[in-house]
Every structure is written in C-alpha cells, then in structure tokens.
Number of protein chains: 2
Amino acid sequence: MREKLEKYYSFVFEKELIDEIVQVGVYKKLRENEILVDLGDKMKGIPLLLEGAIKIVREDKNGEEILLYFLERGDTCASSFASAISNGKCGIRAIAEKESEIIFLPKEKLDEWMLKYKSWRNFVIESYNIRLNEMMETIDSLAFMNMSERLYKYLTDKAQIMRETSLNTTHQNIAYDMHTSRVVISRLLKQLENEGKIKLHRNKIEILEF
Amino acid sequence: MREKLEKYYSFVFEKELIDEIVQVGVYKKLRENEILVDLGDKMKGIPLLLEGAIKIVREDKNGEEILLYFLERGDTCASSFASAISNGKCGIRAIAEKESEIIFLPKEKLDEWMLKYKSWRNFVIESYNIRLNEMMETIDSLAFMNMSERLYKYLTDKAQIMRETSLNTTHQNIAYDMHTSRVVISRLLKQLENEGKIKLHRNKIEILEF
DNA sequence: TAAATTAAGTGATGTAAATCACAAAATAAT
DNA sequence: ATTATTTTGTGATTTACATCACTTAATTTA
C-alpha cells in the first residue's frame, strides 16, 4: 500500500500526510464490476484510487443510466467528498471497470487535514475542479455532438483510462453507458470501422486511430 | 454592503469573517446582461452574489451556447474559485440576468481563510457540491428529458431564480439558452399554453403552474 | 402615419436517432 | 453434438427535432 501511495501521490502530498494516510487509510481491492458507491449511499469516507479504473454513472427514476466520467489512479471521487462532509446522500454510482485498488479515508480526517496540510487543500480543490471540468465535457458532448462523435469520444476516452488499445465490451454495454439503443451503437460502430478508425470483433473493439 | 452581507451570509460566516470580507471585498453593481466572467478569463478573485441572478453558460468552438445553471444571492461561482486558486482559465461565461450586486473577494484571501475559518471551508465545499449537483441535473435533463420537459423545467427554474411568476424574454433567447431553434421553442410553448401551464404574451411568459 | 424592425405563428420537408422485428453468427451449456 | 444463450447484423417504420421559407402581428423609428 505504502509503495503505490508513494508512487502516485508523493508528488501530490507531503511526507507527513502520506504517513497519516498509511495509518488511518483502509486498503481495499475491488473486483471488476464491483460497486464501490451506489445511489443514495451515505459516505463514511472517500476513496483514493491507487490502481485501476472506476466508472461514475448517473441514473434517473426509470433506472436508465448515463456515464458521467471515469476515474483513474491518482483520482478521488469528489461526489463522495461532498457526501461524506455534509452527511448527505451520494447521487451517483461508482463501478470498477476492472480490478482496482483503493485506499478508503475516514471522513473524520477530511476536515482536519484541510487545516494541517496545504497539499491536502490543493488536492481537494483540484479534485473538484477536475470533476467540474469533466462534467462540462459531458455536457458539451450531450449538447453539441452527434451520436457518432460521442461514440468515438467514448471509445478513445475509455481506452485511455483502461490503458489498452482495445476494449473488451459489448455493443449493448456501450449503449447503456451512452443511454441509447444497441442497434444505434452497432450501426455507428460499423460506420467507424468503415472509416478505418476501429476494428470490430466479438466482445472486443480495437481502436486504430486516436 | 455590510447590511446585505449580514442579511444573506450571517448564518453562513462567522462574525470575524464577515468583518474581513467587508474590509477586503470590492462591491460591484452589475447591469442587466453585463458579462461578469467570460470564456478564457483568468480570475483574480471570486464573486459572492448579494442580490440578483447570474446565468452560467458554456460555449463550444462554433460559438453555440448551452445554459449550465443559474446563481442567486448567497451563491458563488465555483468555476471561478477553481480558476482563481489554480491560476487557470475559466471555461464558462457568467452574465447578469438582471441588475445584480456582488462582492468581489481577492484570491489571496481564499486559501488564507481556509485555515482561519471553518465556516469558509464549509462554504467552499458546499458551493462545489451545489454546483456539482446542478451540473448533474443539467446532464439529467439533456440525457433523459425531451424538449418539452426541458423547456418547462427551464421556465420554472428561471422564474424561481428571478423571483417572478412571469419571464420577460423572447422565444429566440430561450432557444439560445437551450441550444435549439426558435421554431421548436415557439411550438412547444404553444403546446404548454394549451395544456394550461403557461400564458404567452409578446416578450413575456406567464407561468401558471409550478 | 408610414416604413422598418423585431417577435411570433405555421406549413412543408429533411434527418438523426428510436423502436420493432427478426436473422445470422459465435459461444456456452447440457 | 445438439441445444440454448449471447452477441451482432439488418431491413422497415416511427418520431422528435432541425431546417427552410414565408406570413402575420406588434413595436419602434423616421
């Protein structure tokens, strides 16, 4: 735990803070597709992502989903922070896209560290900023892009987060993330393949052009 | 200035902080449609809204707009906070929807107050939370709602922010905010009128049902 | 008061995406 | 090996919204 913490966070946190995190943080390994946070959960702390990839989705009353953004190592879930501090509910669901490792930080420390460590204050503010910007990008793609552009962005974004050039997924799962239908995704994928940007296989999409 | 500050912020900030704000804050009155923050601005501080209503919009490369959310008294612009702290650029435009009053807080104080005042820390975190939630609502409406529902939400939201039961605006301006065409808005408005939810006039929309 | 400008109404048509219905592969289960 | 299940392909149809083209009404200005 300490090793990975130092690897990804030593440029972010001062040494004393890393020591404290090692003391109070709870290490947890997440299986692929494991739900880390669910709709309406009250957070007792926040997760620091050490390794892996987490998908953050929003769900409406009819149970329909839309992807908000992905988290990768070095990230934390700003929504959880909010929820943890204010004892409010979390409006999102967080699911491990692949096996991941996190450190869970108890909420009691969150405000205490705001006083003690400038690096922690920066990290919290910076995390909120990144998330606000991601949300704006999501709004941009919903408001300004057509399905084909959104799909291509989805594929390249996800490939980067997963650190792979091909994605192991189905057309149906992409449709769920993008809140559209499988038929639409299948047709647009075929089109992207004809344009030479991707190559389709069963349960797998190779991305040829980034 | 002190009077309104105490009226809307005395339950949020401790007395000492209000005193400091009065000392270093710069009061400013905004005319209707005045631009407070523009795309790519680097913020030298953040605005506290004392009175009025501010519209926050996002713009894409083609100059097309979409409304993100409104700010009302008691609010601050989380995007500016981010930009001010990190010296980064602001990805949004903020426009006064009506005559408004703000206090501009210099960025040097922002971090200093994080140490000194718990109420300030809470306010900053709380502001980010509110904004994250607003963005999620915006994403919800783009992803899950049809134009008619979005339009009705737009009208009722805006009426509440403006503290009026009728809005002085044109179909074209609504279309700009919602990133659609005037024709579409005109037709949907007529439909809402037939359903008895609103009443249409020239340059004015009465909202009959909230 | 006439002309110009701005706001709103409306028919016709185009188009991206949604939905339906079913076929054809590929893979997994028995 | 046969059956069942999952994944992908594809035509046909519908729908919401976009776009075009033009009219009518209200308001401003000259």
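Residues numbered from 1 in each chain as written. Chains lettered and ligands numbered in written order. Predicted model: local features only at pLDDT ≥ 70, side-chain atom pairs only at ≥ 80, totals over all residues. Heavy atoms only, no water.

## A short note on the relation of the copies chain B and chain A
- The two copies are related by a screw operation: chain B maps onto chain A through 180° of rotation and 0.0 Å of translation along the axis, at an RMSD of 0.0 Å. Between the two chains, the operation in question is that of a two-fold axis. Minimal C-alpha separation from the rotation axis in chain B is found for L115(B), amounting to 2.7 Å.
- Here 100% of the contact residues of chain B are again contact residues in chain A; the copies associate through an equivalent surface. (Least-squares fit on C-alpha atoms with pLDDT ≥ 70 in both. Contact = heavy atoms within 4.5 Å.)

## Considering the protein's contact with DNA strand D
- Residues in contact with DNA strand D amount to 17 residues; listed here are only the nearest, R182(A), R187(A), R202(A), M147(B) and T180(B).
- Counting only atoms of DNA strand D within 4 Å of the protein, the fraction found in sugar and phosphate groups is 50%.
- A distance of 2.9 Å separates a base oxygen of DNA strand D from a polar side-chain atom of R202(A).
- T180(B) places a polar side-chain atom, nitrogen or oxygen, 2.4 Å from a phosphate oxygen of DNA strand D.
- At the level of elements, α8 (182–194) of chain A together with α8 (182–194) of chain B are the ones that each hand at least two residues to the surface near DNA strand D. (Near = heavy atom within 4 Å. Polar contact = N/O pair within 3.5 Å; in protein donor to acceptor, adjacent residues only side chain to side chain. Helix = DSSP H or I, 4+ residues; strand = E, 2+ residues; numbered from the N terminus.)

## Comments concerning the domain arrangement of chain A
Residues and elements named next belong to chain A.
- As far as domains go, chain A holds domain 1 (2–141) and domain 2 (145–207).
- Relative to domain 2, the C-alpha centre of domain 1 lies at a distance of 26 Å.
- Every contact between the two is made by 15 residues of domain 1 and, on the other side, 12 residues of domain 2.
- Note on domain 1 versus domain 2: buried area summed over both sides is about 1,400 Å², and carbon and sulfur give 51% of it.
- Here domain 1 and domain 2 share four salt bridges between them.
- K153 serves as the salt-bridge partner of E137, at 2.6 Å between the closest nitrogen and oxygen.
- Across the domain 1-domain 2 interface, the total number found is eight residue pairs in polar contact (both at pLDDT 80 or more).
- Element by element, the count of residues in the side of domain 1 that touches domain 2 is highest for strand β5 (residues 65–72), at six residues. (Domains from an automatic or database assignment. Buried area = accessible area lost by both parts, 1.4 Å probe. Salt bridge = Lys/Arg side-chain N within 4 Å of Asp/Glu carboxyl O.)

## Some words on the packing of helix α5 (residues 118–144) of chain B against helix α6 (residues 147–162) of chain B
Residues and elements named next belong to chain B.
- Two elements in contact, α5 and α6, have axes whose closest approach is 8 Å; the angle formed by their N-to-C orientations is 150°. Taken together, the axis directions place α5 and α6 in an arrangement best described as roughly antiparallel. α5 and α6 meet at a crossing whose hand is left-handed. Facing α5, whose interface residues are E137, S141, L142 and F144, α6 presents E149, R150 and K153.
- When its residues are assigned to classes, the contact of α5 with α6 shows two nonpolar, one polar and four charged. (Axes fitted to C-alpha atoms, helices over the stretch in contact; angles between N-to-C directions. Parallel < 35°, antiparallel > 145°, perpendicular 65-115°, else oblique. Left-handed = near helix turned anticlockwise from the far one by under 90°. Nonpolar A, V, L, I, M, F, W, Y, C, P; charged D, E, K, R; others polar.)

## Brief notes about the protein's contact with DNA strand C
- Near DNA strand C you find 17 residues, and of these M147(A), T180(A), H171(B), R182(B) and R187(B) are the closest.
- Each atom of DNA strand C within 4 Å of the protein was assigned to sugar, phosphate or base; sugar and phosphate come to 54%.
- Here a phosphate oxygen of DNA strand C sits 2.4 Å away from a polar atom, N or O, in the side chain of T180(A).
- With respect to DNA strand C, the backbone of N203(B) contributes an N or O atom lying 3.0 Å from a phosphate oxygen.
- Elements supplying a minimum of two residues to the surface near DNA strand C: α8 of chain A together with α8 of chain B.
- The leading source of residues in the surface near DNA strand C is α8(B), at four residues.
- The residue inventory of the surface near DNA strand C, partitioned by class, reads four nonpolar, seven polar and six charged.

## Topic: the interface of chain B and chain A
- Taken together, the contact pairs 36 residues of chain B with 36 residues of chain A.
- Carbon and sulfur atoms supply 73% of the area that chain B and chain A bury against each other, a total of about 3,200 Å² over both sides.
- The largest contributions to the chain B side of the interface with chain A come from M136(B), I139(B) and F144(B), which together make up 21% of the buried area.
- For the pair chain B and chain A, the interface holds six salt bridges.
- The interface formed by chain B and chain A holds 10 residue pairs in polar contact (both at pLDDT 80 or more) in total.
- Mapped by element, the contributors of at least two residues to the side of chain B that touches chain A are β4 (53–59), β5 (65–72), α3 (78–86), α4 (107–116) and α5 of chain B.

## A word on helix α5 (residues 118–144) of chain A
- The first and last C-alpha atoms of α5(A) sit 38 Å apart over 27 residues, in line with the 39 Å expected at 1.5 Å per residue.
- In terms of residue burial, α5(A) counts as a mostly covered element, since 20 of its 27 residues are buried. (Expected span 1.5 Å × (residues − 1). Buried < 20%, exposed > 50% of the residue type's maximum accessible area, 1.4 Å probe, protein only.)

## Section: the side chain of T169(B)
Residues and elements named next belong to chain B.
- As for its placement among the helices and strands, T169 is situated in the loop between β8 (166–167) and α7 (171–178).
- Overall, T169 belongs to the buried group, its relative accessible area being 9%.
- Each residue touching T169, except ones within four places of it in the same chain, is listed here: I174, N203, K204 and I205.

## Overview of the pattern of salt bridges
- Counted according to the given criterion, the structure contains 54 salt bridges over all chains.
- For K55(A), the salt bridge goes to E97(A), with nearest N and O atoms at 3.5 Å. Pair noted here: K55(A) is in strand β4 (residues 53–59) and E97(A) is in the loop between β6 (93–96) and β7 (100–106), with a separation of 42 residues, a long-range link.
- Judged by relative accessible area, which is 10%, E97(A) ranks as buried.
- The shortest N-O distance in the salt bridge between K116(B) and E112(B) comes to 4.0 Å. Taken as a pair, K116(B) and E112(B) lie in helix α4 at a separation of four residues, close to a single helical turn.
- The class of E112(B) is partly exposed, set by a relative accessible area of 33%.

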